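# A structural walkthrough
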Amino acid sequence: MKKIEAILRPEKLESVRDALEEGGYPGITITEVEGHGKQKGAVHQWRGEKYKVDFLPKVKLEIFALDEDAEIIINAIQQAAFTGSVGDGKIFVTDVAEVMRIRTKERGEKALV
């Protein structure tokens with residue numbers, strides 16, 4: 001089992017969500033986060049004055065998936081989130097040792113499907 005975490009531009013959330021639902025993966029968790037990568041924020045201009053924003057708004061998406069579904073999900077996220085510009089985000093994939101569905105006490109892959 002895999003945990004797939006993606007840090008994305010907020011404006012790409014709907015297209016990523018649509019791509020995942022079309023692929024048959026509707027179960028996601030979304031968190032609004034702030035941060036920066038190599039670009040270290042952004043400089044904006046308002047009423048002629050420039051100001052720097054150190055932490056940019058992003059969306060963190062989390063999905064738990066079967067091993068065989070992970071690559072399909074990663075590709076769907078990448079294609080839907082891509083703009084080709086700095087700040088598109090990152091996808092992290094980690095192994096999951098165990099999962100339990102609280103209601104039924106099912107464990108492992110049965111708890112994910």
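Procedures and definitions
- Residue numbers restart at each chain and count upward from 1, following the sequence in its written direction.
- Thresholds applied to this predicted model are a pLDDT of at least 70 for local features of residues and 80 or more for the giving and counting of side-chain atom pairs; totals over whole chains, interfaces and linings are not thresholded and use all residues.
- Side-chain metrics in this entry use all non-hydrogen atoms of the structure; hydrogen atoms and water are not considered.
- Using a 1.4 Å probe on the protein chains alone, a residue whose accessible area is under 20% of its type maximum counts as buried, one over 50% counts as exposed, and one in between counts as partly exposed.
- Runs of H or I in DSSP of at least four residues are treated as helices and runs of E of at least two as strands, each being numbered from the N terminus.
- This arc is built from the directions going out from the helix axis to the C-beta atoms.
- Only heavy atoms matter for contacts: two residues are in contact if any of them lie within 4.5 Å across the pair.
- One less than the number of residues in a helix, times 1.5 Å, gives the span that helix is expected to have.
- Salt bridges are defined as contacts in which a side-chain nitrogen from Lys or Arg sits within 4 Å of a carboxyl oxygen from Asp or Glu.
- The definition of a polar contact used here is a pair of N or O atoms within 3.5 Å, where within protein one atom must be able to donate a hydrogen and the other to accept one, and adjacent residues in sequence count solely through side-chain atom pairs.
- Remark: nonpolar core denotes a set of buried residues (Ala, Val, Leu, Ile, Met, Phe, Trp, Tyr, Cys) joined through side-chain atoms within 4.5 Å.

## Considering helix H1 (residues 13–22)
Considered for burial, the residues of H1 that qualify are Leu 13, Val 16 and Leu 20. Looking straight down H1, one finds its buried side chains confined to an arc of 70°; they lie on one side. Of the surrounding secondary structure, the elements contacted by the buried residues of H1 are strand E1 (2–8), strand E2 (29–35), strand E5 (56–65) and helix H2 (67–81).

## Notes on H2
Here H2 is 15 residues long and its end C-alpha atoms lie 22 Å apart, about the 21 Å a rise of 1.5 Å per residue gives. Here H2 has its buried residues at Asp 69, Ala 70, Ile 73, Ile 74, Ala 76, Ile 77, Ala 80 and Ala 81. What you see down the axis of H2 is that its buried residues fit within an arc of 165°, all on one side. Opposite the buried face of H2, by more than 90 degrees, sit the exposed residues Glu 68, Glu 71 and Gln 79.

## Observations concerning the pattern of salt bridges
Note on pairing: side chains with opposite charge can pair once their charged atoms come close. Applying the stated criterion across every chain, the model contains 10 salt bridges. With a closest N to O distance of 3.9 Å, Lys 3 and Glu 5 form a salt bridge. On the basis of relative accessibility, which here comes to 16%, the residue Glu 5 falls in the buried class. Several salt bridges share partner residues, and in doing so they unite Lys 3, Glu 5, Lys 60 and Glu 62 into one network.

## Some details on the side chain of Glu 62
If you trace the backbone, Glu 62 turns up in strand E5. A polar side-chain atom of Glu 62 sits 3.2 Å from a polar atom in the side chain of Lys 3.

## Topic: the nonpolar core
Soluble globular proteins: nonpolar side chains tend toward being buried together. Core analysis: the biggest nonpolar cluster contains 18 residues, and Ile 4, Val 16, Leu 20, Leu 61, Ile 63, Ile 73 and Ile 77 have the highest contact counts within it. At the level of elements, E1, H1, E5 and H2 are the ones that each hand at least two residues to this core. What Val 16 contacts, discounting residues up to four positions off in sequence, is Leu 8, Leu 61, Ile 77, Ala 80 and Ala 81.

## Here's the deal with the environment of Phe 82
Relative to the elements of secondary structure, Phe 82 occurs in the loop between H2 and strand E6 (89–95). Residue classification places Phe 82 among the exposed residues on the basis of a relative accessible area of 52%. In the structure, Phe 82 is positioned 53 residues away from Thr 29 in sequence and 20 Å away in space, judged by C-alpha atoms. Those residues in contact with Phe 82 that lie beyond four places of it in its chain are Lys 12 and Asp 88.

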